[in-house]
Amino acid sequence: MNRHLISAADLSRQDALDILDTAEELAGLAGRQIPKLPTLRGRTVVNLFYEDSTRTRTSFEVAAKRLSADVINFSAKGSSVAKGESLKDTALTLQAMGADAVVIRHGASGAPHRLARWVAGSVINAGDGTHEHPTQALLDAFTIRRRLGRVDGLRVAIVGDVLHSRVARSNVWLLHTLGAKVTLVAPPTLLPVAVGSWPCATSYDLPAVLPVSDVVMMLRVQRERMADAYFPSVREYSRRYGLDADRLALLPGHAIVMHPGPMNRGVEIAADVADSPRSTVVEQVANGVAVRMAVLYLLLGGGTAGAATGDDRG
Amino acid sequence: MAAMVGAARPGAGDGKAVLGADEIRRALTRIGHEILERTDGGGDVVLLGIPTRGVPLARRLAGRLAQAEAADVPFGSLDVTLYRDDLRLRPARALGHTEVPPGGIDGKIVILVDDVLYSGRTVRAALDALSDIGRPRAVQLAVLVDRGHRELPIRPDYVGKNLPTSKREQVRVLLAETDGVDAVRLLAGPGSPGAGGGPPRAGGGPPGQGAQARPAESRQPGAGGPAGGDR
């Protein structure tokens, strides 16, 4: 395991399986009388969020607290960042406060990578620009494994705004590492230029892909990132790439429907599909805590011998 | 658990044999009867094995109790990794499986089961883990081998064999479920000359097994397994 979690592409198959197996055990502890564990007592986890996020920040906060770490929430609004402090100065401030891990969400792709060079603790990427969101991919893989028993050999369709989606990027790499066959389905304008170099197939035709998919992952249409006209109208997008009850019927009987949230009901996913028993949206949120606990435990739970000798594992 | 530090377990041929399959079987049968005696028939007993090798031992003990009294004794496993006090001394470890029987442990007599009792730190961690799961009426400890060198005020209630050892030695418990064979072996550890064994445990073992004789005995000429010949 590396010292940081910046990109799902950095994870070896064994790393990924270690995280999923650890999360499995930790999920089993959630139903106990006292779900809190003493493992990270005395460690400090900083949530450094430059973009709004409810579920990811809360999920990391709950995960860290379940492991008895101290959590400091540091959001860009209302902090010195709003007064113009640079990322590096903020990093050095956190360093001086003794943060053992920094969970960062940033609008710029690559910000966690930069941060990792400035702080001594672990850096966990909670979403950077349109680059990656590795813990989301891990919790998606965890959810798939819990529902369908495995990831290896499954056919996964990732549908929608791939261009702006860090969730899609992280999932392509992680699911490929775990042996799944990924197909990206999107209008041509919403597929990145470099998609040919990714380990996945692409398609523009959702109804053709659905019957041969074990998992359908619907992506949110990110209106806040859509400065240009990527498709003529939301209505047309919804008709060609939205998942409604008729399209749901095209899926094999065992297939599941996933969405990283927050959902635009009626745009990429119809309300009755989102609430159907095949939808894993709520499970994904619950699984997120277990997966983030596993990541925090594996990054912070072990010895500090590496950090003391200047670290050669990063 | 405490004795498992280090590389992968050697095969059954390494080191000096302490217990064979028959002796392990008899020890477990005896412990089973002792449990029934001391818990009035084992009515409220829950057996919790500490991974890895405590789990099959707990399962076997549950079988012994069922044979002797035809009573079904619930058994499970209790992983203590997240409660250990030495987590920061090594890289993060994979977690073992925790499975508490459906009836829970509240008001029950929990018997922790492990293969080797050494420093007592694993048991300390297990007691902490138990208190987060529920409130047992009593907690007891059963081990296959007690090798001495306690670092905490902890003692076992049921012991398969008291085995006086030097701290340099390693005790290896092999079980059919995990290792394909039942055996307990004593290996001369890779100890450095200056780090000599701690004080011998007095009076812990049966007569004729003086602790001080152990290190010399365990170095069998020509039996150079990877761990045995490493000095």
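Above this note sits the structure.
Computed from a predicted model, the values in this text were never measured in an experiment.

A.B. asks: How should I be thinking about the overall build of chain B in this particular structure?
C.D. replies: Along chain B, the regular secondary structure elements total five helices and eight strands. Across the 231 residues in chain B, those meeting the buried criterion constitute 51%. Across chain B, contacts joining residues at least 24 apart in sequence account for 72% of those joining residues at least 6 apart. When the accessible area of chain B is evaluated, it comes to approximately 10,200 Å², of which 51% is carbon and sulfur surface.

A.B. asks: Would you take a moment to explain helix α3 (residues 87-97) of chain A for this structure?
C.D. replies: Because each turn of an α-helix spans 3.6 residues, side chains separated by three or four positions end up pointing in the same direction. Residue and element names in this part refer to chain A. Restricting attention to buried positions, one finds in α3 the residues L87, T90, A91 and L94. On an axial view of α3, the arc spanned by its buried residues comes to 100 degrees, and they lie on one face. Where α3 ends, the next residue or the one after it, G98, has phi of about 80 degrees, a positive value.

A.B. asks: Please clarify how the pattern of salt bridges should be interpreted in this entry.
C.D. replies: Any two side chains of opposite charge can pair, given that their charged atoms come close. Scanning the entire structure with this criterion turns up 26 salt bridges over all chains. D214 of chain A serves as the salt-bridge partner of R155 of chain A, at 3.1 Å between the closest nitrogen and oxygen. Within this pair, whereas R155 of chain A is found in strand β5 (residues 155-159), its partner D214 of chain A is found in the loop between α7 (206-209) and β8 (215-218), the two being separated by 59 residues in sequence. Note that R93 of chain B is salt-bridged to D86 of chain B, the shortest N-O span being 3.5 Å. Salt bridges linked by common partners bring D21, E24, R145 and R146 of chain A together as one network.

A.B. asks: In this structure, what is going on with the sheet that holds strand β7 (residues 170-174) of chain B? I would like to understand it.
C.D. replies: Sheets are built from strands paired through backbone hydrogen bonds, the pairs being either parallel or antiparallel. All names here are of chain B. Judged by pairing direction, the sheet is antiparallel, and its three strands sit side by side in the order β1-β8-β7 without closing on themselves. Where the open sheet ends on each side, the last strands, each with one partner, are β1 (16-19) and β7. For this sheet the average axis-to-axis angle between neighbouring strands, irrespective of direction, equals 30 degrees. Across five bridges, the pairing between β7 and strand β8 (residues 183-187) is antiparallel. Looking at β8, one finds that V173 is bridged to V184.

A.B. asks: Sorry if this is basic, but what is going on with the interface of chain B and chain A here?
C.D. replies: Interfaces are frequently sized by the accessible area removed from exposure as the parts join. Contact residues are listed per partner, giving 20 residues for chain B and 20 residues for chain A. At the junction of chain B with chain A, the criterion picks out one salt bridge. When the shortest N-O distance is used, the salt bridge between D132 of chain B and R32 of chain A registers 3.8 Å.

A.B. asks: Any chance you could explain helix α6 (residues 166-177) of chain A here in plain terms?
C.D. replies: Residues and elements named next belong to chain A. Taking 1.5 Å of rise per residue, twelve residues should cover 16 Å, and α6 covers 17 Å from first to last C-alpha, within 8% of that figure. By the criterion of burial, α6 is predominantly enclosed, with ten of the twelve residues buried. All of the buried residues in α6 are R166, V167, A168, R169, S170, N171, V172, L174, L175 and T177. The opening residue of α6, the one whose side-chain oxygen lies 3.3 Å from the backbone nitrogen of V167, is S165. One or two positions beyond α6, positive phi appears at G179, with a value near 95 degrees.

A.B. asks: How do you make sense of the sheet that holds strand β7 (residues 201-203) of chain A when you look at a structure like this?
C.D. replies: Residues and elements named next belong to chain A. The strand order across the open sheet formed by five strands is β7-β6-β5-β8-β9, and the pairing between neighbours is parallel. Looking at the sheet topology across the chains shown, the edges are occupied by β7 and β9 (256-258). Adjacent strand axes in the sheet meet at a mean angle of 20 degrees, parallel and antiparallel pairs treated alike.

A.B. asks: What is the right way to look at the environment of L5 of chain A in this model?
C.D. replies: All names here are of chain A. Mapped onto the elements, L5 comes out in the segment before α1 (13-29). C-alpha of L5 to C-alpha of G288: the two residues are 283 residues apart in sequence and 15 Å apart in space. Sequence-distant contacts of L5, defined by excluding residues within four places in its chain, comprise L11, V123, I124, N125, P134, T135, L138, V295 and L299.

Cut-off values and rules
Numbering of residues begins from 1 in every chain and follows the order in which that chain's sequence is written. Chains carry letters and ligands carry numbers; both start at the beginning, A for chains and 1 for ligands, and go up in the order they are written. Selection of residues for local features in this predicted model requires a pLDDT of at least 70, selection of side-chain atom pairs for listing and counting requires 80 or more, and totals for whole chains, interfaces and linings are taken over all residues. Side-chain metrics rest on all non-hydrogen atoms present in the structure, leaving aside hydrogens and water. We count a stretch as a helix when DSSP gives it H or I for four or more residues in a row; a strand needs E for two or more, and each element gets its number in order from the N terminus. The buried label goes to any residue with under 20% of its type's maximum accessible area, the exposed label to any with over 50%, and the partly exposed label to all in between, with areas taken from a 1.4 Å probe on protein chains only. Note on contacts: a residue pair is in contact if any heavy atoms of the two residues lie within 4.5 Å. In short, Shrake-Rupley with a 1.4 Å probe defines the accessible areas, and a residue's cover is counted only from the protein chains shown. Starting at the helix axis, one direction is taken to each C-beta atom, and the arc is that of these directions. Each reported salt bridge corresponds to a side-chain nitrogen of Lys or Arg within 4 Å of a carboxyl oxygen of Asp or Glu. Two strands qualify as a pair provided that DSSP identifies no fewer than 2 bridges between them. Lines fitted to C-alpha atoms define the axes, with helix axes restricted to the stretch in contact, and inter-axis angles between N-to-C directions lie between 0 and 180 degrees. To estimate how far a helix should reach, multiply one less than its number of residues by 1.5 Å. A 3.5 Å cut-off defines polar contacts: any pair of N or O atoms within that distance qualifies, except that in protein one atom must be a possible hydrogen donor and the other a possible acceptor, and neighbouring residues in sequence count only when both atoms are side-chain atoms.

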